[in-house]
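Residue strings, one per chain:
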Amino acid sequence: MTDASSPGRTLSTMSDRDSLLDEIKKKGIVHGRVVLSSGKEADWYVDLRRITLDAVAAPLVGRVMLDLTEDLGYEAVGGLTLGADPVATAMLHAAAARGSALDAFVVRKAGKAHGLQRRVEGPDVAGRRVLAVEDTTTTGGSVLTAVEALREAGAEVVGIATIVHRGGDENLAATGLPYRSAFSLSDLGLA
């Protein structure tokens, strides 16, 4: 499709979700034998830091994840550092671009022994509705660690969301929380 007001300019007809899927397929899938954090071996690896920290893909991440979770009614978003940090930041910026305020937070793997000794960094989450996110879910362990820390900090966790779902169905279901994923392995052509 060509924009008549600007000769030669082509308008994209791809949705944000389609564009993000294309970016993940081009930049985020690494082929070769790898050992996952779960200890399982795979012949490929979905490296979403190549996506969540990419100038083209990161804004797409923010918009797609906001769209995916818009019905959950949360005030802040974050999860276990490091995988969740750029996802939450992308969502914060996408919300701001839409005229909405959304705080982000970081959940440490362990509490700090100095300073304020907080496990959840950023704006206070106590008494607030929050969404726990991560880039890729394989077992659910990382995001469930974040959910536990958020509840200990007094937050009301309203859901869990990830960009790519690889597994962890039983662990996620056991939380009783709504779970959303933007893509499955079959979406990526890996199932």
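Each remark here, short or long, concerns the structure printed above.
Fair warning: this is a prediction, and the values are worked out from it, not measured in the lab. (Residues numbered from 1 in each chain as written. Predicted model: local features only at pLDDT ≥ 70, side-chain atom pairs only at ≥ 80, totals over all residues. Heavy atoms only, no water.)

Considered as a void within the structure, the largest pocket measures approximately 480 Å³ in volume. Lining the largest pocket are 24 residues, with Ser-37, Arg-49, Asp-135, Thr-136 and Ser-142 positioned closest to its centre. Those elements that place two or more of their residues in the lining of the largest pocket are β2 (41-46), β6 (129-137) and α5 (141-152). (1 Å grid on protein atoms, 1.4 Å probe; cavity = no way out; pocket = protein on both sides within 12 Å on 5 of 7 lines; lining within 4 Å. Points joined across faces, edges and corners; volume = space filled by probe spheres on them. Helix = DSSP H or I, 4+ residues; strand = E, 2+ residues; numbered from the N terminus.)

Pairing is mixed in the open sheet, where six strands are placed in the order β5-β4-β3-β6-β7-β8. Each edge of the open sheet is held by one strand with a lone partner, namely β5 (120-121) and β8 (179-184). Bridge count between strand β7 (residues 156-165) and β8: five bridges; the pairing is parallel. Note on β8: the bridge partner recorded for His-165 is Ser-184. Where helix α1 (residues 16-28) meets the sheet, its contacts fall on β7 and β8, and the angle it forms with β8 comes to roughly 60 degrees. (Pairing = 2+ DSSP bridges. Contact = heavy atoms within 4.5 Å. Axes fitted to C-alpha atoms, helices over the stretch in contact; angles between N-to-C directions.)

Assignment of secondary structure puts Thr-137 in strand β6. Judged by its relative accessible area of 0%, Thr-137 falls in the buried class. Placed 30 residues apart in sequence, Thr-137 and Gly-167 show a C-alpha to C-alpha distance of 6.2 Å. Ignoring any residue separated from it by four or fewer positions in sequence, one finds Thr-137 in contact with Thr-162, Val-164, His-165, Arg-166, Gly-167, Leu-172 and Tyr-179. Among the polar contacts made by the side chain of Thr-137, one reaches the side chain of Thr-162 at a distance of 3.2 Å. (Buried < 20%, exposed > 50% of the residue type's maximum accessible area, 1.4 Å probe, protein only. Polar contact = N/O pair within 3.5 Å; in protein donor to acceptor, adjacent residues only side chain to side chain.)

With twelve residues, α5 extends 17 Å between its outermost C-alpha atoms, agreeing within 8% with the 16 Å of an ideal straight helix rising 1.5 Å per residue. Every buried residue of α5 is accounted for by Val-143, Ala-146, Val-147, Ala-149 and Leu-150. Along the long axis of α5, the arc covered by the buried residues comes to 165 degrees, so they all point the same way. The elements touched by buried residues of α5 are β3 (76-80), β4 (103-107), β5, β6, β7 and α6 (169-173). Remark: Gly-154 follows α5 within two positions and exhibits a positive phi of approximately 90 degrees. (Expected span 1.5 Å × (residues − 1). Arc of directions from axis to C-beta.)

Let us now look at the nonpolar core. With 37 residues, the main nonpolar core has Leu-20, Ile-24, Tyr-74, Met-91, Val-133, Ile-163 and Val-164 as its most contacted residues. Those elements that provide at least two residues to this core are α1, β2, α3 (57-69), α4 (84-97), β6, β7 and β8. Among the elements that make up this core, the one with the highest residue count is α4 (seven residues). Those residues within four positions of Leu-20 in sequence are excluded, and the remaining contacts are Ile-51, Ala-57, Leu-60, Val-61, Val-64 and Phe-183. (Core = buried A, V, L, I, M, F, W, Y, C linked by side-chain atoms within 4.5 Å.)

Using the criterion set out here, one finds 16 salt bridges in the structure. The salt bridge involving Arg-50 is made with Asp-47; its shortest N-O contact spans 3.1 Å. Linked by salt bridges that have partners in common, Asp-22, Glu-23, Lys-26, Lys-27 and Asp-54 make up one network. (Salt bridge = Lys/Arg side-chain N within 4 Å of Asp/Glu carboxyl O.)

What follows deals with the pairing of β3. As a general feature of sheets, a regular strand has side chains that alternate between the two faces. Burial of β3 is extensive: five of the five residues sit out of reach of the surface. Each parallel crossover has a hand, and the one from β3 via α4 to β4 is right-handed. Examined bridge by bridge, β3 and β6 share three bridges and lie parallel to one another. Among the inter-strand pairings, Val-77 is bridged to a residue of β6, identified as Leu-131. (Right-handed = clockwise from strand over helix to strand, strands pointing away.)

Shape descriptors only; they carry no functional weight alone.
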